[in-house]
Amino acid sequence: MAASSSAAASTSCAVAAEANGSTSTIVATTKPTGHHILKIDGYSRTKAMVAAGDSIDSSRFHAGDHAWRIRYYPNGTDRSNQNPDAISVMLELQDAAAGRNNGAAAAAAVKAKFVFRLLNKDGEPVPSRTYRSSVHSFPSSDGFKNWGFLRFITHGDLEKSGHLADDGFAVRCDVTVMGGIELRVEPASSLAVPEPDMHRHLGRLLSAGDGADVTFRVAGGEAFAAHRCVLAARSPVFKAELYSRGGFLRPAAAGRPGTRVIDVDDMDAGAFGALLHFVYTDTLPEMASADVPAMARQLIAAADKYKVERLKLVCEDKLSRRVVADDTSMTPTPMSTPTTMTDSTTTGDDPQRRQRRARFLGKFVKFGACFSDRYFLPLI
């Protein structure tokens, strides 16, 4: 009694430990994204009037709890360029303390990424003129207050692009401000959810035969009661046999007026019982090691007949493992001409040769399973 109480207490503690577990997640957060559209009305005039290195700035806009503006450079940012040929667009942080570097008044750097897009005449983004940044610090460690694209578009490309409407165009900037790193802890559910056990319930349904509506009579006269809906769900061949008009059904069996009878002449009772067990539970029943080869041979044939592909693979795997195990347990016989190994050992007991022989036999067993006993049995 004390041992039983101790075991129960141990189980209770294990369940409690599992239920009290938790999960933590490291999350790099972002703040809401904001955007601003800057329209340039009079492109040719701004290009003629604004010198290289000078900008025309947008109004302030807010994104991620910070103030920003777009800086538009009609002739680029390089003041020394005597023949500017491109437009530059930059994003600048406009917070009150941005850019200060004097002690306590300095603001913490704001990390953000952004996208600049040229808009067409309909106000839609032009994919070939969409530029995305990596994450930048505003201001940077070098003191730069703005980031952007120095050659957003050349004058020639813009002028022949068809995106100028009445000497005007527009640029959209989307800003995403990066938040901090958060650690989120999620407590485990207080309920311990058991493992799926549908296969056990279906196995009991097969064993009890409750509600069975079809009977299989195998060689030797043994009968197996089963359920048409389960068989049809697992095998297209069973579905065709059991639900087609006429099919292979015989009149109701004695004592089971609600069932029909199907004769199975190509399997013995043990193999057909194993087939039904797999159909209901997706597992093979326990069997003695000596029975595996003959049973697997019949089940592979049944899997082919009823189109239960997983059963075929499971049986082939069991046969392959058995051949490999039997082969590696044999005492090797030296070959007439020894093979020279890299360690100068001259012996026919070559591990690589044994592995190749095992793989060959495994493949040959799978091949032979589809043929008669005279091909298959010598390999078992």
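Taking an unreviewed UniProt entry as the reference, the protein is identified by name as BTB domain-containing protein belonging to Oryza glaberrima. The UniProt entry for the protein carries the following text under Pathway (unreviewed entry): "Protein modification; protein ubiquitination."

(A) Highlighting the pattern of salt bridges. Taken as a whole and judged by the stated rule, the model has 16 salt bridges. Among the ionic pairs, D85 bridges to R151, the shortest N-O distance being 3.0 Å. In this pair, D85 is assigned in the loop between strand 5 (66-73) and strand 6 (86-93) and R151 in strand 10 (residues 146-154), connecting sequence segments 66 residues apart. Given a relative accessible area of 35%, D85 falls into the partly exposed group. For D263, the salt bridge is made with R217, and the minimal N-O distance between the two is 3.4 Å.

(B) Looking closely at the packing of helix 7 (residues 269-281) against helix 8 (residues 292-306). Axis separation between helix 7 and helix 8 bottoms out at 10 Å; the angle between their running directions is 55°. It follows that helix 7 is oblique to helix 8 by the angle criterion. With respect to the hand of their crossing, helix 7 and helix 8 are arranged in right-handed fashion. Every residue of helix 8 that contacts helix 7 at G270, A271, F272, A274 and L275 is listed here: M295, Q298, L299, A302 and Y306. Class assignment for the residues of the contact of helix 7 with helix 8 results in eight nonpolar, two polar and no charged.

(C) Summary view of the pairing of strand 2 (residues 34-41). What you see with strand 2 is a clean split: G34, H36, L38 and I40 sit on the buried side and H35, I37, K39 and D41 on the side with no burial. Here eight bridges tie strand 2 to strand 11 (residues 168-187), and the two strands are oriented antiparallel to one another. By the bridge assignment, D41 is partnered in strand 11 with G168.

(D) Examining the nonpolar core more closely. In terms of nonpolar packing, the biggest core is built from 34 residues, with F216, L231, F272, L275, Y306 and L311 touching the most fellow members. In terms of residues, this core owes the most to one element, helix 7, which gives nine residues. Beyond its immediate sequence surroundings of up to four residues, L231 is in contact with V214, F216, A226, F238, L242, L276, V279 and Y280.

(E) Region of interest: the packing of aromatic side chains. The full count for this structure, using the stated rule, is 13 aromatic pairs. For the ring pair Y43 and F169, a centre distance of 6.0 Å and an interplane angle of 75° mean the geometry is edge-to-face. Placement of the pair is Y43 in helix 2 (residues 43-49) and F169 in strand 11, with a sequence separation of 126 residues. Taken individually, Y43 and F169 each receive the classification buried, so the pair is uniform in this respect.

(F) Examining a nonpolar patch on the surface more closely. Nonpolar side chains collect at one region of the surface, where I26, I181, L183 and V185 lie side by side and expose about 470 Å² of accessible area between them. Looking at which element gives the most residues to the nonpolar patch, the answer is strand 11, with three residues. Among the structural elements, L183 can be located in strand 11.

(G) Main features of the sheet that holds strand 12 (residues 214-218). What the three strands build is an open sheet, ordered 13-12-14; its pairing is mixed. If you trace the sheet from one side to the other, it starts and ends with strand 13 (223-226) and strand 14 (260-264), each paired once. On average, each strand axis in the sheet is inclined to that of its neighbour by 25°, with strand direction left out of account. Note: strand 12 against strand 14, five bridges, orientation parallel. Each residue of the ladder has a partner; that of F216, found in strand 14, is I262.

(H) Structural detail: unusual backbone geometry. A cis amide bond links F138 to the next residue, P139, at an omega of -10°. Within the chain, D65 stands out as a residue other than glycine whose phi angle is a positive 65°. Take D65: it is sitting in the loop between strand 4 (61-63) and strand 5. Among the residues examined, D65 registers a relative accessible area of 68% and is labelled exposed. The phi dihedral of D282 falls on the positive side, at around 65°, and the residue is not glycine. The residue D282 is located in the loop between helix 7 and helix 8 in this model. Residue D282 is classed as partly exposed on the basis of its relative accessible area of 30%.

What counts, and where the lines are drawn
Residues numbered from 1 in each chain as written. Predicted model: local features only at pLDDT ≥ 70, side-chain atom pairs only at ≥ 80, totals over all residues. Heavy atoms only, no water. UniProt positions renumbered as here; feature names shortened; annotations may be inferred. Salt bridge = Lys/Arg side-chain N within 4 Å of Asp/Glu carboxyl O. Helix = DSSP H or I, 4+ residues; strand = E, 2+ residues; numbered from the N terminus. Buried < 20%, exposed > 50% of the residue type's maximum accessible area, 1.4 Å probe, protein only. Axes fitted to C-alpha atoms, helices over the stretch in contact; angles between N-to-C directions. Parallel < 35°, antiparallel > 145°, perpendicular 65-115°, else oblique. Left-handed = near helix turned anticlockwise from the far one by under 90°. Contact = heavy atoms within 4.5 Å. Nonpolar A, V, L, I, M, F, W, Y, C, P; charged D, E, K, R; others polar. Pairing = 2+ DSSP bridges. Core = buried A, V, L, I, M, F, W, Y, C linked by side-chain atoms within 4.5 Å. Phe/Tyr/Trp six-rings, centres within 6.5 Å; stacked < 30°, edge-to-face > 60°. Patch = residues over 30% accessible without salt bridge, like charges linked within 9 Å, V, L, I, M, F, W, Y side chains within 5 Å. Areas by Shrake-Rupley, 256 points an atom, 1.4 Å probe, with all protein chains shown as cover.

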